Amino acid sequence: MIRPLILFLFLTSFPVHAAVPKMDTFITQLMAKMTLEEKIGQMEQYTAEMAVTGNSIKGDYRDEIIKGRVGSILNAHGAKFTRELQKIAVENTRLKIPLIFGYDVIHGFKTIFPIPLGESSSWDLKLMEKSARLAANEAAAEGVHWTFAPMVDIARDPRWGRIAEGAGEDPWLGSRIAEARVRGFQGDVPGAQDRVLACVKHFAAYGAPIAGRDYNSVDMSERELRETYLPPYAAAINAGAATVMTSFNDIAGVPSTANEWLLTDLLRRQWKFKGFVVTDYTAVNELIQHGVAADEKQATQLAVRAGVDLEMQGGLFTKNVPALIKEHKLNRALIDKSVRRILEAKYKLGLFNDPYRFSDEQRAQPIVMARDKMEHAREVARRSIVLLKNSRSLLPLKRASTIALIGPFVDNQRDVIGNWSAAGDWKKAVSLAVGINAARAGQGKIVTAQGAELVDSKGSTDALINEAVTKAKNADVVVLALGEPEWMSGEAASRTRVRVPENQQALLRALHATGKPIVLVLFNGRPLALELENEMADAIVETWFLGTQSGHAIADVLFGDYNPAGKLTVTFPVNEGQIPIYYATKLTGRPFNAKSKYTSKYLDASNEPLFPFGWGLSYTNFTYSSVQLSRDRLRPGQKLKVSVTVTNSGARDGEETVQFYIHDLVASVSRPVKQLRSFAKIFLKKGESREVAFELSLEDLKFYNQAMKWTTEPGRFKVMAGGNSRDLKEASFTLIN
Ligand code: GLC
């Protein structure tokens, strides 16, 4: 008798609902009540008027909400405004389904951090995760449920303005950064009130447009797509990204928004993605311009069939899906799947329990631009700065000196928060002048001059240059703040000439002629061709667009209060003719040889970049021992310990990012001469040495062979270590089958 009793007690100890998840039941019951029009309404997203991020604006989106034809609104933020819109949905529609609010919280919400390309130069994954977390804290306090970030598009062409929004050229590093940013935005608990849903974009390969021209076609081998461009999207999804955004471009002629292989076979069947897919802005409508749809109806059919769940700013689903279903050109089950995915996201956000839980003005006040955000903004900005050049150790500056602070970025507050700066208040940004004056603490002397306009629109600027030259002649050192205005990078901002604007270069030439030492401080959203600047400036400090605390962070570096440790995540070319240029190149059958004519080279430029991937100087020096291997033959299942001893051989403490690369010397497919496979950030006191190691496994050696199988092949490998992708120590080993 005892045994059945124990069994009964055991079975009844589990809550009955554990068998059928509450969410599934709730959504099934809700969908059973929904009409087809209400279901399609959930698949529509329209923009509010708080930001313009595309061509068309649907003025009557509020009416559409009342008619139950809107599932999501983008470009609406603020506890008050989102509450007002949510009220329309949950109090005026038949089924009271709450809206989900999406917004481009790319590098901060109100407190702005460095643009993502700049922040990636910190190589500090924990720091980048924290930036995403703090941005989510602010955004979620101001009614935002969902950010259209991280943008993880690999980019190797600085002509493309959106290179500013990603994490550079390397798929392995880009994948680690994508994971960190997803973790930061979403946290571990779906729907936490201080986090937002992430949206990995732009799926896929948007960063490889032909000729670097935004929105242009993308065309590459499947091997290149899978080895170089897809990994960061997969990493973001493996890290739990709740949503995916389709990209504007076509891949080999098939636009992503109509690409069933991409959105269903790869994303759902191979990668097991369970979230929902949103298109980019009017991307469904644009299938007509792409030439794959004859009209809006066919565009609708292609997008839904491919696997799109939510249409951004198009309005085509409402117009066309009912007829397509009636004509048996669309399967109603597809609609039900999309609607369920969207409702699941709303359920996980807790919006069915409390549609206003993210729209509480009282809750927002102590969170937005709070001390923790401002302190982090300065820390992440400092760590994003890359010291490209420092001849004669001109830097750090002496506070007691007379500094001529010159250039159109001296007092600039708007551009230093960069593009995609969300609800950022540029008037609260710290300019370079404010930062430098605060840092010098009354010592020495600062004289300033604008020297040039940001972009020369009014002919010559002799008067500005003459004033700057006069000021420079009376100073010990020139700090010259030049660069691109923020609108020269970001969306729809490709450039054929990736240089500092010519009028600013004229100022540089004039100041160089004075013979005064020049510290060039750069503000830019892409790698620039810096041949002239490298010739004329004694020191070059790459500051990207550092956000709200820009001026303080730059001053911390210029005066040596912080020893710069940033490393490039993109290659800087000598000139545009070298583009695309990146470190993970192939050797080719005729690698460059100065002694031989018939080798791969240019007649008018080197093959080498001006500053390579992984480059970044410090105010101290680091030296590397030879690379040590725990074995010289590696078998399947074994690990190989790769180690190197790094010494701080300079005069002050500093941080180094030790990078590890591999090269598969012989394989059935030619392999890049080096590929990043690990890195470690170490802080060394002056004179200190430390061994840095990484455990290499077979996973690090895989590639797509001729049969497109992800595998390893036996043979010789090189493994390299160093402080950038060019100056490396190496060792070799053999992989045994
Ligand atoms: C824009 C961008 C995309 C952004 C979206 C919403 O066109 O391509 O990155 O998230 O529209 O603003």
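Every value quoted in this text rests on a predicted model; they were computed, and no experiment measured them. (Residues numbered from 1 in each chain as written. Predicted model: local features only at pLDDT ≥ 70, side-chain atom pairs only at ≥ 80, totals over all residues. Heavy atoms only, no water.)

### Considering the environment of Phe545
1) Next: Here Phe545 shows up in the loop between β16 (539–542) and α22 (550–558).
2) Next: Spatially, the C-alpha atoms of Phe545 and Lys67 are 43 Å apart, while their sequence positions differ by 478 residues. (Helix = DSSP H or I, 4+ residues; strand = E, 2+ residues; numbered from the N terminus.)

### Details of the domain arrangement of the protein
1) Next: Under the domain assignment used here, the protein contains domain 1 (38–364), domain 2 (377–578) and domain 3 (622–735).
2) Next: Its C-alpha centre places domain 2 at a distance of 35 Å from the equivalent point of domain 3.
3) Next: The interface of domain 2 with domain 3 comprises seven residues on the first partner and nine residues on the second.
4) Next: Between domain 2 and domain 3, a total of about 560 Å² is buried, with carbon and sulfur atoms accounting for 33% of that surface.
5) Next: When residues of domain 2 are sorted by the area they lose upon contact with domain 3, Asn563, Ala565 and Lys567 head the list and together hold 73% of the total.
6) Next: On the surface where domain 2 and domain 3 come into contact, there are two salt bridges.
7) Next: Linking Glu655 and Arg383 is a salt bridge whose minimum nitrogen-to-oxygen distance equals 2.8 Å.
8) Next: Where domain 2 packs against domain 3, one counts five residue pairs in polar contact (both at pLDDT 80 or more).
9) Next: In the side of domain 2 that touches domain 3, the residues fall into three nonpolar, two polar and two charged. (Domains from an automatic or database assignment. Contact = heavy atoms within 4.5 Å. Buried area = accessible area lost by both parts, 1.4 Å probe. Salt bridge = Lys/Arg side-chain N within 4 Å of Asp/Glu carboxyl O. Polar contact = N/O pair within 3.5 Å; in protein donor to acceptor, adjacent residues only side chain to side chain. Nonpolar A, V, L, I, M, F, W, Y, C, P; charged D, E, K, R; others polar.)

### Comments concerning the confidence of the model for the protein
1) Next: Per-residue confidence for the protein gives a mean pLDDT of 96, with 97% of residues at or over 70.
2) Next: Within the model, pLDDT remains below 50 along residues 10–20, and this stretch shows one contact once partners closer than five positions in the same chain are excluded. (pLDDT = per-residue confidence, 0-100.)

### Details of the site of the ligand
1) Next: Surveying the vicinity of the ligand reveals 14 residues, the closest of which are Thr53, Asp104, Arg162, His202 and Asp280.
2) Next: Thr53 places a side-chain nitrogen or oxygen 2.8 Å from an oxygen atom of the ligand.
3) Next: In the model, an oxygen atom of the ligand is placed 2.5 Å from a nitrogen or oxygen of the Asp104 side chain.
4) Next: Its free accessible area being 310 Å², the ligand has 99% of it covered by the protein chains.
5) Next: Across the shell around the ligand, the residue classes break down as seven nonpolar, two polar and five charged. (Near = heavy atom within 4 Å. Areas by Shrake-Rupley, 256 points an atom, 1.4 Å probe, with all protein chains shown as cover.)

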